[in-house]
Amino acid sequence: MSSIGTFLGRDHQQCDDQYALAEARVVGKQWALASGDFGAFRTMLEHHLGMEEQLMFPALEQAMGHSGGPTAVMRGEHTHMRDLVQGMADAIAAQDGDEFFNHADTLRMLMRQHNLKEEGILYPMADRFLGGQLPQLLEQMRAFEAAAEQGATP
């Protein structure tokens, strides 16, 4: 993979697919399966957000010369997503489908808009600004993934 958009866009799709599976389990009131599938989604989402926050955002901010602007907006949205995901996990633990979907509607809308902004604006911006640093950053992201797959905390 030769671009941030390709690398992290793939992650978006995998998170979306895992989320859809977890949501289907809640619809079916399969609470034990919902808990496991939603836990897997949460882990995937945290991994993705971690790659952005720990690797891509700092590299992009250094290249741009500031930490405001688009990365600050994305960090704020990450916080909002984490809050919603916590509420959804709590709802699954309580076997409360209504409460789950109160959060789910907001999360789905937020993730869709967030992903569009990243894939349409932020990732192409990172590819342009990072230029020669891109191969090294992508290698760091691959190492981050490998550490997660081995259960290590990157």
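Anyway, here's the lowdown on the structure attached to this text. (Residues numbered from 1 in each chain as written. Predicted model: local features only at pLDDT ≥ 70, side-chain atom pairs only at ≥ 80, totals over all residues. Heavy atoms only, no water.)

Quick word on the pattern of salt bridges
Okay, step 1: Counted according to the given criterion, the structure contains ten salt bridges.
Okay, step 2: Among the salt bridges present, the one from Asp 105 reaches Arg 108, with a minimum N-O distance of 3.1 Å. Here Asp 105 pairs with Arg 108, and both are found in helix α4 (residues 97-130), just three residues apart, close to one helical turn.
Okay, step 3: The network of salt bridges with shared partners includes Arg 10, Asp 11 and Glu 145. (Salt bridge = Lys/Arg side-chain N within 4 Å of Asp/Glu carboxyl O. Helix = DSSP H or I, 4+ residues; strand = E, 2+ residues; numbered from the N terminus.)

Observations regarding α4
Okay, step 1: Residue Glu 118 marks the point of greatest curvature in α4, where the axis turns by about 40°.
Okay, step 2: Measuring from the backbone nitrogen of Asp 98 back to the side-chain oxygen at the start of α4 gives 3.2 Å, which picks out Asp 96 as the cap.
Okay, step 3: Once α4 ends, the next one or two residues include Gly 131, with phi positive near 35°. (Bend = angle between axes of the 7 residues up to and from the residue. Polar contact = N/O pair within 3.5 Å; in protein donor to acceptor, adjacent residues only side chain to side chain.)

Details of helix α1 (residues 4-27)
Okay, step 1: An ideal rise of 1.5 Å per residue puts 34 Å on 24 residues; α1 measures up with 34 Å between its terminal C-alpha atoms.
Okay, step 2: Residues Ile 4, Phe 7, Leu 8, Gly 9, Asp 11, His 12, Cys 15, Gln 18, Tyr 19, Ala 22, Glu 23 and Val 26 constitute the buried set of α1.
Okay, step 3: Where the residues of α1 are buried, they touch α2 (31-64), α3 (70-93), α4 and α5 (134-149). (Expected span 1.5 Å × (residues − 1). Buried < 20%, exposed > 50% of the residue type's maximum accessible area, 1.4 Å probe, protein only. Contact = heavy atoms within 4.5 Å.)

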